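# Structural characterization, general
What follows is the residue order along each chain.
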Amino acid sequence: MLLSWLPENVSSFGRDVDGILSLIFVVTLAWFIVTIGTFLVFVIRYRRREGQPAAHVTGERWREAAWIVLPCVLVLVLDFWIDFRGAPVWAKIKVDRPETDLVIRVTAKQFTWLVTYPGPDGRFDTDDDRTFMDEIHVPAGKPVQLSLQSQDVIHSFFLPNLRLKQDVLPGRTIFAWLDAGKPGKYELPCAQLCGFGHSGMKGWLFVHEAGDYERWVKEQWPGGRS
Ligand SMILES: [Cu+2]
C-alpha cells in the first residue's frame with residue numbers, strides 16, 4: 001500500500017478515501033519531481049562560467065506565453081481528474097447516508113465529547129436518554145448515524161481509523177455516519193484548535209462484536225431496549 005504510514009483503516013468507505021489520497025500524493029509527487037528536476041537542470045546547465053559573458057535575452061512573447069499557459073492547462077487537467085475521481089467518494093460519505101436505526105448524538109464542548117443515546121424509546125430528550133463522556137460504543141458492521149452539535153465553539157470530530165472528519169459548529173446539527181468493520185478501540189481527537197484544553201480533548205470509539213454490543217446495551221438500560 002502506497003500510504004502505509006496511515007493509521008489502520010476499519011471504515012467501510014476508508015479504502016475510497018485512501019485511494020483519493022494516494023492519487024493526490026502520486027500527482028503532486030510527480031509534479032514536484034518534474035518542476036524541481038527542470039529547475040536543477042537549468043541551474044546547473046546555465047550556471048556562471050569564468051570568461052563567458054551573460055547572454056543578452058530580449059524575450060519571445062509566444063514562447064514565454066506557452067511556458068505559462070501549458071503548465072496551467074496541465075495542472076487544471078490533473079485537478080479535474082482528481083475532482084472527477086473524488087466527487088463520488090464525497091457523495092458517498094457526506095450526502096448518501098445509509099438508513100439506520102442507530103442514531104447517536106455527539107455534543108462537543110470545551111473540552112469533551114458528550115455522547116447521548118436515545119434509550120429504549122428511540123427518541124432523544126426523554127427520560128431514558130443516557131449520556132457518556134468521551135466514549136462512543138457501536139456494533140461492528142452496522143451503519144451508525146451521528147448527529148453532531150457544539151455547545152460553544154467550533155470543534156472537529158475526527159476518527160482517523162474511520163477516515164471520518166467533520167467540523168462541528170455551534171447552532172447547527174450536522175450529520176455524519178460510519179460503518180466500522182473491525183472491533184477495537186479507536187482514538188477520537190478534536191482536530192480543530194478550540195481553546196486552552198484542545199490537545200487534551202480526546203475520546204474513544206469502542207467497536208464491539210454484535211453480541212458484546214447487545215450486552216453493553218443491556219448493562220446501560222437494564223429495563224431493555226425495544
Ligand atoms: Cu475541540
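As a reminder, the structure under discussion sits directly above these lines.
This write-up is about the structure you can find in this document. The structure presented is a predicted model; accordingly, all values stated were derived computationally and were not measured.

The next thing to look at is the coordination of the copper ion. In this structure, H155 (ND1), C190 (SG), C194 (SG) and M201 (SD) serve as the protein donors to the copper ion, at separations of 2.0 to 2.6 Å. Considering all four donor atoms around the copper ion, the spread of angles at the metal, 95 to 122°, places the coordination shape in the tetrahedral class. Here the donor residues for the copper ion map to a single chain with the spacing H-x34-C-x3-C-x6-M. Placement of C190 in the loop between β9 (184-189) and β10 (202-208) and of M201 in the loop between β9 and β10 is noted, with a sequence separation of 11 residues between them. The buried category is assigned to M201, whose relative accessible area is 1%.

Let us look at unusual backbone geometry. Note the cis peptide between Q110 and F111, where omega equals 0°. Residues other than glycine seldom take positive phi values, yet D125 does so here, at roughly 60°. Counting through the fold element by element, D125 comes out in the loop between β2 (112-117) and β3 (130-133). Of note, R163 is a non-glycine position whose phi angle comes to about 55°, a positive value. By secondary structure assignment, the location of R163 is in the loop between β6 (155-159) and β7 (164-168). Look at R163 and you get buried, because its relative accessible area is 14%.

One pass over the structure, following the stated rule, counts 10 aromatic pairs. Here F132 and W216 contribute two aromatic rings whose centre-to-centre distance is 5.3 Å and whose plane-to-plane angle is 45°, an arrangement assigned as tilted. Here F132, found in strand β3, pairs with W216, found in helix α3 (residues 210-220); they are 84 residues apart in sequence, far enough to count as distant. Given a relative accessible area of 10%, F132 falls into the buried group. Assessed through its relative accessible area of 9%, W216 is described here as buried. Through successive ring pairs, a cluster of aromatic residues spans Y117, F132, Y213, W216 and W221. Against the face of F158 rests K165, its NZ or CZ located 4.6 Å from the ring centre. One cation-aromatic arrangement involves K185 over W204; the distance from NZ or CZ to the ring centre is 4.4 Å.

Basis of the calculations
Throughout, a residue's number is its position along its own chain's written sequence, starting from 1. With the structure being a predicted model, the display of local features is reserved for residues of pLDDT at least 70 and the display and counting of side-chain atom pairs for 80 or more, all residues being used for whole-chain, interface and lining totals. Only hydrogens and water are removed before side-chain values are computed, so all heavy atoms of the structure are retained for them. Note: metal donors comprise N, O and S atoms at 2.8 Å or less from the metal (3.2 Å for Na, K and Ca); water molecules are not included, so apparent gaps in a site are possible. A four-donor site is classed as tetrahedral when every donor-metal-donor angle falls between 85 and 135 degrees; four donors are called square planar, and six octahedral, when trans pairs exceed 155 degrees and all remaining angles lie between 65 and 115, with any other arrangement labelled irregular. Working definition: helices are DSSP H or I runs of at least four residues, strands are E runs of at least two. Numbering for both runs from the N terminus. The buried label goes to any residue with under 20% of its type's maximum accessible area, the exposed label to any with over 50%, and the partly exposed label to all in between, with areas taken from a 1.4 Å probe on protein chains only. Pairing of aromatic rings covers Phe, Tyr and Trp, the last counted by its six-membered ring, and requires centre-to-centre distances within 6.5 Å; plane angles under 30 degrees mean stacked, over 60 mean edge-to-face, and any other angle means tilted. Our definition puts a charge over a ring when NZ of Lys or CZ of Arg is within 6 Å of the ring centre and also within 35 degrees of the ring normal.

No statement about biological role is implied by the geometric values presented.
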